[in-house]
Amino acid sequence: MDERLPQFLHKPVQILWFDAQEFILVVSTIFVAVIVGGYLGWSLLGVLLLFIPWKRTKPRGFIPHLAWRWGLLTLPRYPGPTQTRFCE
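The rules behind the values
Starting from 1, residues in each chain are numbered consecutively following that chain's sequence as written. Predicted model: local features are reported for residues with pLDDT of at least 70 only, side-chain atom pairs are reported and counted for 80 or more only, and whole-chain, interface and lining totals are derived from all residues. Only heavy atoms go into the side-chain values, all of them from the structure, while hydrogens and water stay out. Each helix corresponds to a stretch of at least 4 residues labelled H or I by DSSP, and each strand to a stretch of at least 2 residues labelled E; elements are numbered beginning at the N terminus. Given a helix with a known number of residues, its expected span is that number minus one, times 1.5 Å. Buried residues are those whose accessible area, probed at 1.4 Å on protein chains only, stays under 20% of the maximum for their type, while exposed residues exceed 50% and partly exposed ones sit between those limits. What the arc covers is the set of directions going from the helix axis to the C-beta atoms. Contacts are assigned to residue pairs that have any heavy atoms within 4.5 Å of one another. Take a side-chain nitrogen of Lys or Arg and a carboxyl oxygen of Asp or Glu: if they are within 4 Å of each other, that pair is a salt bridge. For Phe, Tyr and Trp, rings pair up if their centres lie within 6.5 Å, where Trp contributes its six-membered ring, and each pair is then called stacked (planes under 30 degrees apart), edge-to-face (over 60) or tilted (otherwise). Each residue gets a pLDDT score, which is the predictor's confidence in that residue and runs from 0 to 100. Think of a patch as exposed residues, more than 30% relative accessible area, with no salt bridge, where like charges cluster within 9 Å and nonpolar side chains (Val, Leu, Ile, Met, Phe, Trp, Tyr) cluster within 5 Å. We get accessible surface area from the Shrake-Rupley algorithm with a probe of 1.4 Å; when it comes to residues, only the shown protein chains can shield them.

Before going further, it helps to spend a moment on helix 2 (residues 38-55). In an α-helix, one turn spans 3.6 residues, which is why side chains three or four residues apart end up on the same side. Across its 18 residues, helix 2 extends 26 Å between first and last C-alpha, which sits within 8% of the 26 Å expected from 1.5 Å per residue. Buried residues of helix 2: Gly 41, Leu 48, Ile 52 and Lys 55, and no others. Across the axial projection of helix 2, the buried residues extend over an arc of 75°, all falling on one side. Facing away from the buried side of helix 2 by over 90 degrees, the exposed positions are Tyr 39, Trp 42, Val 47, Leu 49 and Leu 50. On its buried side, helix 2 packs onto strand 2 (18-19), helix 1 (20-36) and helix 3 (62-69).

Turning our eyes to something else, we now look at the pattern of salt bridges. All chains considered together, the criterion is met by 2 salt bridges. Salt-bridge contacts for Glu 22 lead to Lys 55; the nearest nitrogen and oxygen are separated by 3.9 Å. Placement of Glu 22 in helix 1 and of Lys 55 in helix 2 is noted, with a sequence separation of 33 residues between them. Here Glu 22 and Lys 55 have matching classes, each one buried.

The buried category is assigned to Glu 22, whose relative accessible area is 2%. Excluding residues that lie within four positions of it along the chain, Glu 22 makes contacts with Trp 17, Ile 52, Lys 55 and Arg 56.

Before going further, it helps to spend a moment on the packing of aromatic side chains. If you walk through the whole model with that rule in mind, you get 2 aromatic pairs. An angle of 50° between the planes, with centres 5.5 Å apart, marks the rings of Phe 51 and Trp 54 as tilted. With Phe 51 and Trp 54 both in helix 2 and 3 residues apart, the pair spans about one turn of that helix. The exposure class of Trp 54 is partly exposed, given its relative accessible area of 39%. Here Trp 54 and Phe 62 contribute two aromatic rings whose centre-to-centre distance is 5.4 Å and whose plane-to-plane angle is 75°, an arrangement assigned as edge-to-face. Of the residues examined, Phe 62 reaches a relative accessible area of 18% and is grouped as buried. Cluster of aromatic residues (ring-pair linked, three or more members): Phe 51, Trp 54 and Phe 62.

For the rest of this paragraph, the subject is the confidence of the model for the protein. Across the protein, the average pLDDT comes to 80, with 89% of residues at or above 70. Within the protein, helix 2 carries the highest mean pLDDT (89), whereas strand 1 (residues 14-15) carries the lowest (72).

Another aspect to go through is a nonpolar patch on the surface. Residues Phe 31, Val 32, Ile 35, Val 36 and Leu 40 make up a contiguous nonpolar surface patch of about 490 Å² in total accessible area. The element that contributes the greatest number of residues to the nonpolar patch is helix 1, accounting for 4 residues. Topologically, Val 32 is positioned in helix 1. Assessed through its relative accessible area of 38%, Val 32 is described here as partly exposed.

Written out as structure tokens, the structure reads:
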């Protein structure tokens, strides 16, 4: 009998129906939208409603890697985002 192994060792942390990265994004966007208010606040919420389904089509860990690509975050033991060649 073959037993299939899961792709990940554990399920992602889920708060309500969002994973941890989405939840942080939702809470911070709502916080900023309430402070800013007006059309800009509503547009932030609209962008959030478009971003969440798009993000769910990407693999887990997409947001930290996107921040790394933009130079906003350094990942341990990873080369910089502008480095094209390296020796292992």
